[in-house]
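Residues per chain, in single letters:
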Amino acid sequence: MHDDAGDLRFFVLLVEAGNLTAVARHLNVSAGASSRRLARLEERLGVRLVTRTSRRFDLTDEGQTFYERAAEIMTDIEAAEAEISANQKELRGVLRIGAPLELGRRRLADFVSEFADRFPKLRVHLLLSDEGLDVVNSRLDLAIRIGMPNETGVVATKIMSSERVICAAPAYLKKFGMPATPAELNRHRCICLMRGHELGMLDRWRLSREGEDQVVEVTPHLSTTSGEVVHDWALKGKGIVFKVLWDVGDDLQCGRLVRLLPEYQGETIGLFATMPSRRNVPLRVRTFLDNLRDFLAHRPSWH
């Protein structure tokens, strides 16, 4: 008699662990036993699920499909178990979260680790990238995205809005002075973020004042694909930046950065949480999202 649920769990753990040795340690069995279990599973299904090399394995197309369906089934099983558990606060399983690099490292990493500390039976993976993570293709439970995502087949929820502001360090202003109008920005050293070859340079700064909108196209003195590097350069007095308040709010509050042209409003940016389009969102995902909303709501300098 086959242990179908056990085989599904084994294969999901194998893919997430990355190799047979790691999954063997997790299941407290030998690497040989894990290898034999994989071979039996492939024989039963009549397909090769992985292509093995000396150090790692790659999923075949059939293996990728089997993993995605197995992960969904295990998520549903864990959600069902959680719903009928006597202790609803005892979260368990794996929670996979994606976030932008700077926001994730500077703002969310501590929150995520503290959340994991509260639920010791929950394993939390935090994946950070400046490229914008696809919640489906990256096999995430939840992805934090800047701006409305354009993926199909996902559920997007706005969790926060903030404003872009123009700012610079006191050291920069002491050396180069403060712009009095948006037009004067082109006489200053501006720092811009690049979004790769396709999306280009973020050098068009959208501002409004008393209902009138304008776009200032600045010439970057420095540019980079890393939002975190843009932030660090600003703190070191290398130039003027156009950053979202959740990145620089604390710096403005304590004087590490100074807001410029405060009579002008920058564009409003939304922070979204995206999830795969499933009928039953796992309890661990709902709990994390509720706690995240509460965490962000109590950060007034980020809004």
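Each remark here, short or long, concerns the structure printed above.
Only a predicted model underlies this, so the values are computations on that prediction, with no experimental measurement involved.

**Student:** Quick rundown of the overall build of the chain? Include the residues and the values.
**Tutor:** For the chain, the helix and strand inventory stands at 10 helices and 14 strands. Split into buried and exposed, the 303 residues of the chain put 44% on the buried side. Across the chain, every contact between residues at least 6 apart in sequence was considered, and the portion connecting residues at least 24 apart equals 72%. With an accessible surface of roughly 16,400 Å², the chain has 48% of that area assigned to carbon and sulfur atoms. Positive and negative side-chain charges of the chain, numbering 43 and 42 respectively, have mean locations separated by a distance of 4 Å.

**Student:** Kindly report on the packing of helix 1 (residues 4–17) against helix 3 (residues 31–45), identifying the contributing residues and their values.
**Tutor:** Between helix 1 and helix 3, the least distance of the axes is 11 Å, while the angle of their chain directions is 120°. Crossing of helix 1 over helix 3 shows left-handed handedness. Note on element contacts: helix 3 touches helix 1 through Ser-34, Arg-37, Leu-38, Leu-41 and Arg-44, opposite Asp-4, Gly-6, Asp-7, Phe-10, Phe-11 and Leu-14. Residues of the contact of helix 1 with helix 3, tallied by class, amount to 5 nonpolar, 2 polar and 4 charged.

**Student:** Explain helix 8 (residues 227–235) to me, and be specific about the residues and the numbers.
**Tutor:** Residues of helix 8 that are buried include every one of Gly-227, Glu-228, Val-230, His-231 and Ala-234, and no others. The arc that holds the buried residues of helix 8, viewed along the axis, is 160°, so those residues lie on one side. Packing partners of the buried residues in helix 8 comprise helix 5 (101–118), strand 7 (190–193), strand 10 (220–224), strand 11 (241–244) and helix 9 (245–254). A distance of 3.3 Å separates the backbone nitrogen of Glu-228 from a side-chain oxygen at the start of helix 8, and that oxygen is part of Ser-226. Taken from the residues just after helix 8, Gly-237 is the one with a positive phi, measuring 80°.

**Student:** Pulling in residues and values, what's your account of the packing of helix 5 against helix 9?
**Tutor:** Look at helix 5 against helix 9: their axes get within 10 Å of each other, and the N-to-C directions meet at 40°. What the angle tells us is that helix 5 and helix 9 run oblique. Residues Glu-102, Leu-103 and Arg-107 of helix 5 form the contact with helix 9, whose own contacting residues are Trp-246, Asp-247, Val-248, Gly-249 and Asp-250. Taken together, the residues of the contact of helix 5 with helix 9 sort by class into 3 nonpolar, 1 polar and 4 charged.

**Student:** Run through helix 3, naming residues and quoting values.
**Tutor:** Look at helix 3: 21 Å from first C-alpha to last across 15 residues, which is about the 21 Å you get at 1.5 Å a residue. Listed in full, the buried residues belonging to helix 3 are Ser-34, Leu-38, Leu-41 and Glu-42. Viewed along the axis of helix 3, the buried residues span an arc of 95°, placing them on a single side of the element. Seen from the buried face of helix 3, the exposed residues on the opposite side, beyond 90 degrees, are Arg-36, Arg-40 and Glu-43. Downstream of helix 3 by one or two residues, Gly-46 has phi in the positive range, about 75°.

Conventions and cut-offs
- Residues numbered from 1 in each chain as written.
- Predicted model: local features only at pLDDT ≥ 70, side-chain atom pairs only at ≥ 80, totals over all residues.
- Heavy atoms only, no water.
- Helix = DSSP H or I, 4+ residues; strand = E, 2+ residues; numbered from the N terminus.
- Buried < 20%, exposed > 50% of the residue type's maximum accessible area, 1.4 Å probe, protein only.
- Contact = heavy atoms within 4.5 Å.
- Areas by Shrake-Rupley, 256 points an atom, 1.4 Å probe, with all protein chains shown as cover.
- Lys, Arg positive; Asp, Glu negative; His and termini not counted.
- Charge placed at Lys NZ, Arg CZ, Asp CG, Glu CD.
- Axes fitted to C-alpha atoms, helices over the stretch in contact; angles between N-to-C directions.
- Left-handed = near helix turned anticlockwise from the far one by under 90°.
- Nonpolar A, V, L, I, M, F, W, Y, C, P; charged D, E, K, R; others polar.
- Arc of directions from axis to C-beta.
- Polar contact = N/O pair within 3.5 Å; in protein donor to acceptor, adjacent residues only side chain to side chain.
- Parallel < 35°, antiparallel > 145°, perpendicular 65-115°, else oblique.
- Expected span 1.5 Å × (residues − 1).

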